[in-house]
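Survey of secondary and tertiary structure
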Amino acid sequence: TEKGILRAAKLCMEKDKLRKLINERRLIIFDTPEKRRFYRDYFRQLMKDLGCQMIQLSVWQADFELPEDFLILVGELGLQSRVIVYKVKPEEILYL
């Protein structure tokens, strides 16, 4: 939606204001069906633009607190049932 595109643009412009996490990370896992490829590709590009690091195509990590607008955008894109965000502490990661 146009509203979602504007929200994503705002997120990217404000990425320098994102609060860095010291002793934890955010692990973002999503599964979007092929018929919604546009949203999947859009979501991947947004995470790349925000500075998230890709672990696999649908698994990303962030070393900053995800802003509220990010979570709202997930809902606006209709992906809330397809996106999971975990809080992970580095000492709990076995392999990377």
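The present account deals with the structure reproduced in this document. (Residues numbered from 1 in each chain as written. Predicted model: local features only at pLDDT ≥ 70, side-chain atom pairs only at ≥ 80, totals over all residues. Heavy atoms only, no water.)

What follows concerns the overall build of the protein chain. Secondary structure assignment for the protein chain yields three helices and four strands. Sorting the 96 residues of the protein chain into buried and exposed places 35% on the buried side. Taking all contacts inside the protein chain whose residues are at least 6 apart in sequence as the whole, residues at least 24 apart take part in 77%. (Helix = DSSP H or I, 4+ residues; strand = E, 2+ residues; numbered from the N terminus. Buried < 20%, exposed > 50% of the residue type's maximum accessible area, 1.4 Å probe, protein only. Contact = heavy atoms within 4.5 Å.)

Structurally, Arg44 can be placed in helix 2 (residues 37-50). By relative accessible area, Arg44 is classed as buried at 18%. Within polar-contact distance, the side chain of Arg44 engages the backbone oxygen of Leu57 at 2.9 Å. In contact with Arg44, other than residues within four places in its own chain, are Phe30, Leu57, Ser58 and Trp60. (Polar contact = N/O pair within 3.5 Å; in protein donor to acceptor, adjacent residues only side chain to side chain.)

A few words now on the pairing of strand 3 (residues 59-62). The side-chain alternation of strand 3 yields two buried faces, one formed by Val59 and Gln61 and the other by Trp60 and Ala62. Two strands pair when backbone bridges link them, and strand 1 (residues 25-30) and strand 3 are joined in this way by four bridges, in the antiparallel orientation. Looking across to strand 3, one finds that Ile29 is bridged to Val59. In the sheet, strand 2 (residues 53-56) pairs with strand 3 via three bridges, with the strands oriented antiparallel. Paired with Met54 across the bridge in strand 3 is Trp60. Hairpin connection between strand 2 and strand 3: a loop of two residues separates the two successive antiparallel strands. (Pairing = 2+ DSSP bridges.)

Our focus in this paragraph is the packing of helix 2 against helix 3 (residues 68-76). A pair of packed helices is captured by two measures, namely the crossing angle of their axes and the spacing between those axes. Running from N to C, helix 2 and helix 3 cross one another at 170°; their axes reach a closest spacing of 12 Å. Here helix 2 lies roughly antiparallel to helix 3, going by the angle between them. Of the residues in helix 3, those in contact with Phe43, Leu46, Met47 and Leu50 of helix 2 are Phe70, Leu73 and Val74. (Axes fitted to C-alpha atoms, helices over the stretch in contact; angles between N-to-C directions. Parallel < 35°, antiparallel > 145°, perpendicular 65-115°, else oblique.)

Another point: helix 3. Helical periodicity: at 3.6 residues per turn, an α-helix aligns residues three or four positions apart in one direction. Looking at helix 3, one finds that the buried residues are Asp69, Phe70, Leu73 and Val74. Projection of helix 3 onto a plane perpendicular to its axis shows the buried side chains occupying an angular sector of 145°, all on one side. Remark: Gly78 follows helix 3 within two positions and exhibits a positive phi of approximately 75°. (Arc of directions from axis to C-beta.)

It is worth spelling out the packing of aromatic side chains at this point. Across all of its chains, the model carries four aromatic pairs by this definition. The interplanar angle of 80° and the centroid separation of 5.6 Å between the aromatic rings of Phe38 and Tyr39 together place this pair among those described as edge-to-face. Overall, the relative accessible area of 26% leaves Tyr39 in the partly exposed class. Note on Phe38 and Tyr42: the rings are 5.9 Å apart at their centroids and 20° apart in plane angle, and the pair reads as stacked. Residue Phe38 and its partner Tyr42 are located together in helix 2, separated by four residues, close to a single helical turn. By the ring-pair criterion, three or more aromatic residues cluster together here, those being Phe30, Phe43 and Phe70. The ring centre of Tyr39 lies 4.6 Å from the NZ or CZ of Arg36, which sits over that ring. (Phe/Tyr/Trp six-rings, centres within 6.5 Å; stacked < 30°, edge-to-face > 60°. Lys NZ or Arg CZ within 6 Å of the ring centre and 35° of its normal.)

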